[in-house]
Amino acid sequence: MNLRDDLQLIYDWIPEGSRVLDLGCGDGELLAALVSHKNCTGYGIEIDTDSLIAAMGRGVNVIQADLERGLEEFGDNSFDVIVLSQTIQAMQNTELILQSLMRVSKQAVVSFPNFGYWRNRMQIALGGHMPVSEHMPYHWYDTPNIHWCTLKDFDLLCAKNKIRVQERAVMTGSRQVKYFPNLLGSLAFYRVG
């Protein structure tokens, strides 16, 4: 099994045999690995047709749906873990999706590009333009990302919604960042419940 570094971290956080819902599952790489190697069950949700077809090709149970409509089709505590990987920044109603995650699952893993990363700050301060990077590959005029946040912003949003942060990790490239994560980390991972 050879997962992308960010997906490997999420994979490691999900317990064996979990019922998993992967929101914005893309090509289904993570869910396919969880089913194959950790005896997990679950579904992916994806809106993009090409990604949906790729996920189906991996044998993933995937539903084509728009997350903006919420998760009302799923009952309370239907899953053990929900994954929202690099998707939350593209959601219109971030609070609604976080509240839905906590209703439908015991815990969630949420990851997002850290807008507070020093390279992003430098592009704004010195270049005078919105950042473009590996985790934020779009220009301001063609980006699907509508909400940028830092680690501190996400901590405050969780506190406001009484969502407990169980674990947090921050990465830049393939390495985890332990010191000054809001400044030195490009991608944030939260396990919340």
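The paragraphs below set out a description of the structure included in this document. (Residues numbered from 1 in each chain as written. Predicted model: local features only at pLDDT ≥ 70, side-chain atom pairs only at ≥ 80, totals over all residues. Heavy atoms only, no water.)

A few points about helix α4 (residues 94-104)
Then comes step 1: Considered for burial, the residues of α4 that qualify are Thr94, Ile97, Leu98, Ser100, Leu101 and Val104. The buried side chains of α4 occupy one side of the element, clustering within an arc of 160° when seen end-on.
Then comes step 2: Each element contacted by the buried residues of α4 is listed here: β1 (19-23), β4 (79-85), β5 (105-113) and α6 (151-160). (Buried < 20%, exposed > 50% of the residue type's maximum accessible area, 1.4 Å probe, protein only. Helix = DSSP H or I, 4+ residues; strand = E, 2+ residues; numbered from the N terminus. Arc of directions from axis to C-beta. Contact = heavy atoms within 4.5 Å.)

What to know about the environment of Arg164
Then comes step 1: Among the secondary structure elements, Arg164 is positioned in the loop between α6 and β6 (165-172).
Then comes step 2: Along the sequence, Arg164 and Val104 sit 60 residues apart, while their C-alpha atoms lie 15 Å from each other.
Then comes step 3: The contact partners of Arg164, leaving out residues within four places of it in the chain, are Arg191, Val192 and Gly193.

Let's talk about the packing of helix α1 (residues 5-13) against helix α2 (residues 29-38)
Then comes step 1: In contact at an axis separation of 10 Å, α1 and α2 are set at 40° when each is read in the N-to-C sense. With respect to their mutual orientation, α1 and α2 come out oblique. Seen from above, α1 lies across α2 with right-handed handedness. From α1, Leu7, Ile10, Tyr11 and Asp12 reach across to α2, where they touch Glu29, Leu30, Ala33, Leu34, His37 and Lys38.
Then comes step 2: Along the lines of polarity and charge, the residues of the contact of α1 with α2 split into 6 nonpolar, 1 polar and 3 charged. (Axes fitted to C-alpha atoms, helices over the stretch in contact; angles between N-to-C directions. Parallel < 35°, antiparallel > 145°, perpendicular 65-115°, else oblique. Left-handed = near helix turned anticlockwise from the far one by under 90°. Nonpolar A, V, L, I, M, F, W, Y, C, P; charged D, E, K, R; others polar.)

Looking at the packing of α4 against α6
Angle between the axes and distance between the axes are the two parameters that describe a pair of packed helices.
Then comes step 1: Put simply, α4 and α6 touch, their axes get as near as 11 Å, and they point 60° apart. Judged by the inter-axis angle, α4 sits oblique to α6. Remark: the crossing between α4 and α6 carries right-handed chirality. Side by side, α4 and α6 meet where Thr94, Glu95 and Leu98 of the first sit next to Phe154, Leu157 and Lys160 of the second.

Details of the packing of aromatic side chains
Aromatic ring pairs are described here by two measures, namely the spacing of the ring centres and the angle between the planes.
Then comes step 1: If you walk through the whole model with that rule in mind, you get 4 aromatic pairs.
Then comes step 2: Judged by centre distance (5.5 Å) and plane angle (70°), the ring pair of Phe74 and Phe79 falls under edge-to-face. With respect to class, Phe74 is no different from Phe79; both count as buried.
Then comes step 3: Ring plane angle 55° and centroid distance 4.6 Å describe the contact between Phe154 and Tyr190, whose orientation is recorded as tilted. Highlighted residues: Phe154 in helix α6 and Tyr190 in strand β8 (residues 187-192), separated in sequence by 36 residues.
Then comes step 4: Judged by its relative accessible area of 2%, Phe154 falls in the buried class.
Then comes step 5: Among the aromatic side chains, those forming a connected cluster through ring pairs are Phe112, Phe154 and Tyr190.
Then comes step 6: Lying across the ring of Tyr11, Lys38 places its NZ or CZ 4.6 Å from the centre. (Phe/Tyr/Trp six-rings, centres within 6.5 Å; stacked < 30°, edge-to-face > 60°. Lys NZ or Arg CZ within 6 Å of the ring centre and 35° of its normal.)

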